[in-house]
Amino acid sequence: MIFDHDVLVIGAGLAGMRSALEAARNGADVAILSKVHPVRSHSNAAQGGINAALGEGDSWESHAFDTVKGSDYLADQDAVELMCEEAPADVIEFEHMGVVFYRDDEGKLGTRAFGGASQARTYFVGDITGQALLMTLYDQILKAGVKVYEEWFATSLYTEDGACRGAVGLESITGELHLLRAKAVVDAAGGCGRLYEPSTNALICTGDGYALAYRAGAPLMDMEMVQYHPTTLAGSGFLMTEAARGEGAYLLNANGDRFMKAYAPNKMELASRDVVSRAEATEIAQGRGVDGNVLLDVRHLGRDVILKKLPQIHEVALDYIGIDMIKEPVPVRPGMHYMMGGVKTDVQGATSVPGLYAAGEVACVSVHGGNRLGANSLLDTIVFGRRSGKAAAAYVRSIERARGGSALLRSEQERLGALLARPYKGETHAKVRLDLATMMDKYVGVYRDEAGLQTALDELKTLRRRYEEVAVGDKGRVFNQALQFVLELGYLLDIGETVIRSALLRKESRGAQSRTDYPERNDAEWLKHILLTRDSSREPRVSYLPVTITRWKPEVRTY
Amino acid sequence: MQFTIEVGRYNPEGTYAPSASAPQEFPVPWDKAPPRRYQTYTVDLPEHAVVLDALIEIREYQDESLAVRCACRSAICGSCAMWINGHAHLACKSKLQAFTKDGKTRVESPPSMPVIRDLVWGMEPFWKKHHAVTPWLEPKQPVPGPREEYRVANAAMDNLVQEVSCINCGCCLMDCESFAINDNFLGPHALAKAYRYAADPRDATEKQRLGSYSGNGGIWDCTHCYECVQQCPKGVAPLEQILKLRKMAVDAGFTNNAGTRHADAFAESVRESGRLNELTLMPKSTGFFNIVGQLQTLPSAINMLRAGKLPPIVHHKIPGVQRIKTIFQRIGGRFKK
Ligand SMILES: Cc1cc2nc3c(=O)[nH]c(=O)nc-3n(C[C@H](O)[C@H](O)[C@H](O)COP(=O)(O)OP(=O)(O)OC[C@H]3O[C@@H](n4cnc5c(N)ncnc54)[C@H](O)[C@@H]3O)c2cc1C
Ligand code: SF4
Ligand code: SF4
Ligand code: FES
């Protein structure tokens, strides 16, 4: 079937729903396409909170400076300024929509401290901030009557005369392919944690949005900047929120020392994420780890604080490794967490492909640069979600309805049909995905070097060849998850290649990119963004963009 | 460690290839479930593994045709609710060891819900109910300025966090005994949500809300079976929220309904005689002049008579009933008379 709308939003996380809500408020006929029900989106996992300079004595300039410094000066300062300036009103808007934020004694919004911040400016709901925001926003979507195609999976974007005019969606419950035409598309399909093992991300974070836009001709920027979170639970990789350290948790090595004093004597555990992750990796590598982990200790906070402010991680530790944090420290290690890079957009969310917008984790404005500060990502989703929705609604006013697309629908049907018909020769999506993700962690993780990255690129080629052999182990139509997983793996392979290539290109250490062969930051040559544009016939095209600097000259980063 | 999993399978497009285990007909406890059969798998996993680990292991390495919803693996996205050994649980929060009974763990779609395929079931009943309670804030006017929050005490927010912890998994609804016999019942999760908005000091429509939740299918249709409290993986305890709503509704004057009359009749009978007069309870609840309503209870009365369950015609007071009256006086409030 063919459906027509003004604006089609792919993704129903915070960025997608915020974008849709704004587009609807601005008079557009908007629909959301999401491969899972909106409230299952990964935004629900955000535990710690959301940043805004709302408090007395705080200023958006201070927030912006922390963000720029945290980014290791790779963030574009105009975009950062804008985000931090608009943050208070955007957070307050969610309060007005009903989010039950924590309050101080005067009944005003209360804060907690987060890594890399000079002030406590993180607003929160226990340790379920993302869930609270997401649910409130979902209810606003219901109230506004926005159409949601839920459990529909985008297989490709539809472009007409070089402009993006919709997407092809696979309806899980029937197994049917449909063409969703629109005058503008907002790509808000979230992160790509499944590219790494271990990762704090959900199984649905397969980077579909990066690959969809990349295949439609939009460049990907800062893809080498992959954030490792310093405290993920041993084994499963579940996130132990930074709020734990915000509340005063210690990181200990095997000798029981707070080792951060050797790496960040002032900020200690609350230094920025890349700094803490590297410190842990070094401690573990030098033999001061505990079975490949360090220890996160909250015992001194006391039972009440733990149960009141950190209930979620207390429960996770108890459920998944049987440790009661009130009584014992938990083993943690750095694990892949967030993608700073993404589809290059301007501050309105527009990509270089007309009609295609992007927002949220999948986008790169760039406000996070080389390293994202905790609690800045939720902020990014709602500020740029709103901005992209508004811009898309304005854009569609002067655009005619698309008429074509049935050829694409047919070719997608054939592509999927061929995939389903592929005979089984021993390769499965699960095996190839695991090998890919383990390989990425090994060579493109916390520390990197030329030889390792080159190996990664070679291995990726082998994995691509294996991918061509992967068969779909389910031949049915209704809820054929295997088919979806195979398609997702195809997306992951595309993104993996851009991450490796960008990491190879950047011959310096900055933010999350830590090259042992180029250990220093090199502003003279590398104060710039790397962009990759797909070229179907050969290697991706490389281009560079200067970093926008408005008021803060790059300085040495110490915490 | 070896674990054996028995999965209730269903495929609307036809049957699955026969498995090693002998197919077994699916017992249908509630009449909504279509025919399914069980398939047995064995997995080798660490001892602390959860049911979802087993299902993912099967789906990835043994049988790609097994359909199961999951995303977060850590009890936060609400995707993986299903029946495990005949009760509602999250697969990602249920330890295999704890759920192994007679050497195996049995998982299936809940029979109270429409099944789509295997462990994937239809959430429409759940979301319809959610939508029916006006699940959004109707902001109290004037809304503060763009840089200003509503000033409310943290305790008022804290009071709502219990419901805000709801992950919309559906465990409560799928095992709710009132829902099992009455599709019209709004259900535990939606009524918990209803409380969350009615009790939000920033909401302008408390009264309208309480009125609408007091009607048919609302707060008085819950039978206190406690399933929702027991099965909720997030401590939302929907029944507790329903009881708070009832109190709010009665305090706001919404007493002209079967539920409140039932509670009143209950209290009156105990206060006056020390025990429950079941014979007058029903007419008092439906309303003495509600002839149609009373006639509707007749079939149940006849059934009860047949089964020898009809209460005695003559209702006796217990000795020392005065002391019971004193208790009512002490408690005070609406039932003291
Ligand atoms: C464990 C964890 C904790 C975090 N804590 C914090 C925190 O405390 N503070 C903070 O600021 N940030 C935090 N983050 C980061 C932050 O949560 C995410 O970056 C952010 O929520 C991403 O939101 P999003 O809207 O971009 O994407 P998501 O919420 O991931 O949504 C993506 C959407 O896209 C849809 N989609 C994807 N592919 C397709 C497709 N092919 N077809 C159709 N639909 C598709 C999905 O269904 C989903 O609805 C955390 C992240 C993790 C993993
Ligand atoms: S206590 Fe009430 S709402 Fe909860 S499961 Fe039982 S009948 Fe349903
Ligand atoms: S109340 Fe509990 S059981 Fe019910 S949907 Fe919410 S989290 Fe699940
Ligand atoms: S997988 Fe998210 S709740 Fe179980």
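Because the structure is a prediction, the values reported are computed rather than measured.

(A) Representation of the overall build of chain B in the model. In terms of helices and strands, chain B carries 14 helices and seven strands. Seen through its C-alpha atoms, chain B measures out along the principal axes to roughly 70 × 70 × 35 Å. Across the 337 residues of chain B, 52% fall into the buried class. Across chain B, every contact between residues at least 6 apart in sequence was considered, and the portion connecting residues at least 24 apart equals 69%. Roughly 15,800 Å² of accessible area belongs to chain B as shown, and the carbon and sulfur atoms make up 57% of that amount. Charged side chains in chain B number 40 positive and 34 negative. The centres of these two groups are separated by 10 Å.

(B) Fine view of the overall build of chain A. What chain A contains, in helices and strands, is 15 helices and 19 strands. Scaling as 2.2 N^0.38, a compact globule of 559 residues should have a C-alpha radius of gyration of about 24 Å, and chain A matches this with 22 Å. Viewed in the frame of its principal axes, chain A has a C-alpha envelope of about 65 × 55 × 50 Å. Of all 559 residues assigned to chain A, the portion counted as buried reaches 68%. Excluding contacts between residues fewer than 6 apart, the proportion of contacts in chain A whose partners are at least 24 apart in sequence is 73%. On chain A, roughly 17,800 Å² of surface is accessible, and the fraction owed to carbon and sulfur atoms is 49%. Taken together, the 64 basic and 74 acidic charged side chains of chain A have centroids lying 2 Å from each other.

(C) Structural context of the packing of helix α1 (residues 14-25) of chain A against helix α3 (residues 77-97) of chain A. All names here are of chain A. Closest axis-to-axis distance for the α1/α3 pair is 14 Å, and the angle between their directions is 85°. With respect to each other, α1 and α3 are oriented roughly perpendicular. The residues of α3 that touch α1, namely those facing Arg-18, Leu-21 and Arg-25, are Glu-93, Phe-94 and Met-97. Class assignment for the residues of the contact of α1 with α3 results in three nonpolar, no polar and three charged.

(D) A look at the site of ligand 3. With respect to spatial proximity, 13 residues lie near ligand 3, and among them Cys-166, Cys-169, Gly-170, Cys-172 and Cys-232 of chain B are the closest. Looking at the shell around ligand 3 residue by residue, the classes come out as 10 nonpolar, three polar and no charged.

(E) Seen up close, the pairing of strand β11 (residues 226-233) of chain A. Residues and elements named next belong to chain A. Burial within β11 is extensive, with eight of its eight residues counted as buried. Looking at chain direction, β11 and strand β14 (residues 330-339) are connected through six bridges and run antiparallel. Residue pairing for β14: Val-226 is matched across the bridge by Met-339.

(F) Main features of a nonpolar patch on the surface. Residues and elements named next belong to chain B. A cluster of nonpolar side chains, namely Ile-291, Leu-295, Leu-298 and Ile-302, defines an oily patch on the protein surface of about 380 Å² accessible area. Here Leu-298 is to be found in helix α13 (residues 291-306). Exposure remark for Leu-298: the relative accessible area of 44% places this residue in the partly exposed category.

(G) Structural view of the pairing of strand β1 (residues 2-9) of chain B. Residues and elements named next belong to chain B. Counting buried positions along β1 gives six out of eight residues, so the element sits mostly inside the fold. Bridging between β1 and strand β2 (residues 37-44) involves eight bridges; their strand directions are antiparallel. Bridged to Thr-4 within β2 is Thr-42. Across three bridges, β1 lies against strand β5 (residues 105-108) in parallel orientation. Looking across to β5, one finds that Val-7 is bridged to Val-107.

(H) Just unusual backbone geometry, in detail. All names here are of chain A. A cis amide bond links Glu-197 to the next residue, Pro-198, at an omega of 5°. Tracing the chain through its elements places Pro-198 in the loop between β9 (176-187) and α5 (208-215). Backbone torsion omega between Val-365 and Ser-366 reads 5°, so that peptide bond is classified as cis. Position of Ser-366 among the secondary structure elements: in the loop between β17 (363-364) and α10 (377-396). Positioned with a positive phi, Asp-72 is a non-glycine residue whose angle comes to about 60°. Mapped onto the fold, Asp-72 is located in the loop between α2 (60-70) and α3. Taking the relative accessible area as the measure of exposure, Asp-72 reaches 7% and is therefore buried.

(I) Seen up close, the domain arrangement of chain A. Residues and elements named next belong to chain A. Segmenting chain A into domains produces domain 1 (232-333) and domain 2 (423-534). Once you take the C-alpha centre of each, domain 1 and domain 2 turn out to be 29 Å apart. Each side of the interface is counted separately: domain 1 has five residues, and domain 2 has five residues. When domain 1 packs against domain 2, close to 360 Å² is buried across both sides, 59% of that on carbon and sulfur atoms.

(J) Representation of helix α13 (residues 450-467) of chain A in the model. All names here are of chain A. In this model α13 runs 25 Å from its N-terminal to its C-terminal C-alpha over 18 residues, within 8% of the 26 Å that 1.5 Å per residue would give. Taken together, the buried positions of α13 are Gly-452, Leu-453, Ala-456, Leu-457, Leu-460, Leu-463 and Tyr-467. Take α13 and look down its axis: the buried residues cluster within an arc of 140°, on one side only. Exposed residues on α13 whose side chains face more than 90 degrees from its buried face are Ala-451 and Arg-465. Its buried side turned inward, α13 meets α12 (429-443) and α14 (481-505).

(K) Highlighting the sheet that holds β2 of chain B. All names here are of chain B. With mixed pairing, five strands are arranged side by side in an open sheet as β2-β1-β5-β3-β4. Only two strands of the sheet have a single partner each, and these edge strands are β2 and β4 (87-90). Looking at each pair of strands side by side, their axes are set apart by 35° on average, direction ignored.

(L) Representation of the nonpolar core. Counting residues in hydrophobic clusters, the biggest one holds 167 residues, and the most contacted among them are Phe-101 and Met-240 of chain A together with Ile-5 and Leu-55 of chain B. Looking at which element gives the most residues to this core, the answer is α3 of chain A, with 10 residues. Sequence-distant contacts of Phe-101 of chain A, defined by excluding residues within four places in its chain, comprise Ile-50, Val-91, Phe-94, Glu-95, Leu-109, Tyr-123, Phe-124, Val-125 and Leu-133 of chain A together with Asn-154 and Met-157 of chain B. Listed in part, the 74 residues of the second largest apolar core include Val-353, Met-439, Val-472 and Val-499 of chain A.

Calculation rules
Residues numbered from 1 in each chain as written. Chains lettered and ligands numbered in written order. Predicted model: local features only at pLDDT ≥ 70, side-chain atom pairs only at ≥ 80, totals over all residues. Heavy atoms only, no water. Helix = DSSP H or I, 4+ residues; strand = E, 2+ residues; numbered from the N terminus. Buried < 20%, exposed > 50% of the residue type's maximum accessible area, 1.4 Å probe, protein only. Contact = heavy atoms within 4.5 Å. Areas by Shrake-Rupley, 256 points an atom, 1.4 Å probe, with all protein chains shown as cover. Lys, Arg positive; Asp, Glu negative; His and termini not counted. Charge placed at Lys NZ, Arg CZ, Asp CG, Glu CD. Rg over C-alpha atoms; globule rule 2.2 N^0.38 Å. Axes fitted to C-alpha atoms, helices over the stretch in contact; angles between N-to-C directions. Parallel < 35°, antiparallel > 145°, perpendicular 65-115°, else oblique. Nonpolar A, V, L, I, M, F, W, Y, C, P; charged D, E, K, R; others polar. Near = heavy atom within 4 Å. Pairing = 2+ DSSP bridges. Patch = residues over 30% accessible without salt bridge, like charges linked within 9 Å, V, L, I, M, F, W, Y side chains within 5 Å. Salt bridge = Lys/Arg side-chain N within 4 Å of Asp/Glu carboxyl O. Domains from an automatic or database assignment. Buried area = accessible area lost by both parts, 1.4 Å probe. Expected span 1.5 Å × (residues − 1). Arc of directions from axis to C-beta. Core = buried A, V, L, I, M, F, W, Y, C linked by side-chain atoms within 4.5 Å.

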